[in-house]
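Now for the letters of each chain:
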Amino acid sequence: MLRTSLFAQVGVALLAGVLVGRLWPDAGTAAQPLGDGFVRLIKAMIAPLVFCVVVAGITKAGDLKSFGRMGLKALIWFEIATTVALVVGLLAGNLAGPGKGMNVDPASLDASAVDEKTGGGELPSTSEFILHSLPDSAVGAFAENSLLQVLVLACLAGAALLHLGHTKVPAILPAIEQAQEVVFAIVGFIMKLAPLAVFGATAHLVGEYGLGALSTYGKLIAVCYGVALVFLVLLGLALKALTGLSLWKFIRYTREEMLLALGTASSETVMPRMMQKLRQAGCRDDAVGLVLPTGYSFNLDGASIYLSIGTLFIAQAVGVDLTLGQQVTVVLVLMLTSKGMAGVPGSAFLALSATASALGVIPAGAVALLLGVDRIMDAMRVATNLLGNCVAVFVVSRWEGALDLPRARKVLSGEIAFVPEQAEQAERAEEAERVEQGEQGSQSALVKPRAQPVPEAGQEKEPDVLYRGTP
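Predicted, not measured: the structure shown is a model, and the values here were computed from it. (Residues numbered from 1 in each chain as written. Predicted model: local features only at pLDDT ≥ 70, side-chain atom pairs only at ≥ 80, totals over all residues. Heavy atoms only, no water.)

This structure, assessed with the given rule, holds eleven salt bridges. We note a salt bridge from E257 to K277, for which the minimum N-O separation is 3.1 Å. One end of the pair, E257, is in helix α14 (residues 255-264); the other, K277, is in helix α15 (residues 271-280), with 20 residues separating them in the sequence. Each member of the pair, E257 together with K277, is buried. D286 is the partner of R284 in a salt bridge, and the nearest nitrogen-oxygen pair spans 2.9 Å. For R284, a relative accessible area of 31% gives the class partly exposed. Among the residues examined, D286 registers a relative accessible area of 1% and is labelled buried. (Salt bridge = Lys/Arg side-chain N within 4 Å of Asp/Glu carboxyl O. Helix = DSSP H or I, 4+ residues; strand = E, 2+ residues; numbered from the N terminus. Buried < 20%, exposed > 50% of the residue type's maximum accessible area, 1.4 Å probe, protein only.)

Quick look at a nonpolar patch on the surface now. A cluster of nonpolar side chains, contributed by L72, I76, I80, V84, L229, V230, V233, L234 and L237, occupies part of the molecular surface with about 800 Å² of accessible area. Broken down by secondary-structure element, the contributors of at least two residues to the nonpolar patch are α4 (64-96) and α12 (218-243). Per element, the largest residue contribution to the nonpolar patch is five residues, and it comes from α12. Tracing the chain through its elements places L229 in helix α12. (Patch = residues over 30% accessible without salt bridge, like charges linked within 9 Å, V, L, I, M, F, W, Y side chains within 5 Å. Areas by Shrake-Rupley, 256 points an atom, 1.4 Å probe, with all protein chains shown as cover.)

Before going further, it helps to examine the packing of helix α16 (residues 285-298) against helix α20 (residues 378-399). Viewed as axis vectors pointing N to C, α16 and α20 meet at an angle of 145 degrees, and their least axial separation amounts to 9 Å. Here the hand of the crossing between α16 and α20 comes out right-handed. Here A287, V288, V291, L292, G295 and Y296 of α16 lie close against α20, whose contacting residues are L386, N389, C390, A392, V393, V396 and S397. Taken together, the residues that form the contact of α16 with α20 break down as ten nonpolar, three polar and no charged. (Axes fitted to C-alpha atoms, helices over the stretch in contact; angles between N-to-C directions. Left-handed = near helix turned anticlockwise from the far one by under 90°. Contact = heavy atoms within 4.5 Å. Nonpolar A, V, L, I, M, F, W, Y, C, P; charged D, E, K, R; others polar.)

This brings us to the nonpolar core. Ranked by internal contacts, the top residues of the largest apolar core, which has 126 residues, are L220, F250, L370 and F394. Among the elements that line this core, the one with the most residues is helix α3 (residues 32-61), at 13 residues. With residues up to four places along the chain from it excluded, the contact list for L370 reads L220, Y306, G310, F313, I314, F349 and L352. (Core = buried A, V, L, I, M, F, W, Y, C linked by side-chain atoms within 4.5 Å.)

Attention now moves to the packing of aromatic side chains. Scanning the entire structure with this criterion turns up five aromatic pairs. Pairing F51 with F142 gives two aromatic rings, centres 5.6 Å apart and planes at 70 degrees, and the pair type is edge-to-face. Here F51, found in helix α3, pairs with F142, found in helix α7 (residues 138-143); they are 91 residues apart in sequence, far enough to count as distant. Centroid distance F250 to F394: 5.5 Å. Interplanar angle 90 degrees. Geometry classified as edge-to-face. Remark: F394 occurs in helix α20 and F250 occurs in helix α13 (residues 247-253); sequence separation between them is 144 residues. F250 gets classed as buried once you look at its relative accessible area, which sits at 1%. We classify F394 as buried; its relative accessible area is 1%. An aromatic cluster is built from F250, Y253, F394 and F418, whose rings are joined through pairwise contacts. (Phe/Tyr/Trp six-rings, centres within 6.5 Å; stacked < 30°, edge-to-face > 60°.)

The end-to-end C-alpha distance of α20 is 31 Å, a good match for the 32 Å that 22 residues give at a rise of 1.5 Å each. Counting buried residues in α20 gives 19 out of 22 residues, a clear majority hidden from the surface. Of the residues trailing α20, G401 is marked for its positive phi of about 70 degrees. (Expected span 1.5 Å × (residues − 1).)

This brings us to the environment of T83. Along the chain, T83 falls in helix α4. On a C-alpha basis, the gap between T83 and S304 in space is 8.1 Å, while along the polypeptide they are 221 residues apart.

Within the secondary structure, R273 sits in helix α15. By relative accessible area, R273 is classed as buried at 9%. Look past the residues within four positions of R273 in its chain and what remains in contact with it is L6, M191, E256, E257, F418 and P420.

Structure, rendered in structure tokens:
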């Protein structure tokens, strides 16, 4: 099982990372490059993969209008989901009061630590975010790994292929599909390193931060993880009501990817595999290629929960009682700032600082209170963001008639096993080889006489005949 199951390998690596980080903190901290190197390799494949999947999906669907409708419905779903996450987080923060009784003096906090964490950056404004989504260089979009820019280029390329038709550019679509197969094969090779990545990332986390934060911020951690669990239950109910599918069965179907995302604290490391699994679970290529990557920028449910609870925690810790109007302002500000967080270093602290500035009653330096617990929240944010985006793919696919529901039920129930893309390609190649060998065999049979049985006594020998085709 340890040799064949990625889930078992990652699980053992996770435990080993915790053990090494706890017993030998210096060695655990030094293991960080294992996780960082894996993330870099996976990120290198995401942009070309998204481009190929989206272009092929648009071209196969043959309808650019439906693709536009799908994008609009996805954005509507994203906004609803993130707003629910923010509101649920605020309700829980008010009820549990994770920061009450701390009585922290803001003057004792080192605000420069936040600047060091964020690298002195800032979140883009709405106009800057929209403008940055448009590529100014086709090569630059891939070089900077900007998913939104790659999506724009893919939509333009797909629209151009639909406009020109297969007769004018007959070789382009097959080339894109073949490039997609190559990318999936490379991802398969990289995934062999997943246990090493999980070991390095976990050992670094435990070695660098230790387990002391669990006692200092125990209540805040418990509230955030509890709210995330409640939100996932709501997501599961929505998925069941809108598609009839079970979120728990989907988690079981993607357990390897979920554990890898938790171990590396990055949902990007599993995007290629999630795209494969969603496609094999009955979601159409264009839906997977559009909704999932877009959700990585627009549908950060886990981050929304953390930001709303974190804002209340900071206010309660420094003795500021936020009114209902101010909490509504928190929701509105975070609805905007959370959309520009993806890919920005220290984005959570930038969003929290922007929210504190908008309220005008929370000292900006108070954001430093969350520095000690931010890394521990990664598991909650990653799992919730990832499942929220996958649910969005199923829901939007169902709305657009791009979901093979019977197949989805069979796959999630385990009746149809998941076949990795590279294994599926190998099977297709073997089948093609068998067909080719069969054709060659049938052609050679045209010139080979059939073996004749020895006639029995009293029987005449049948005349020799040639085979015409396969018997």
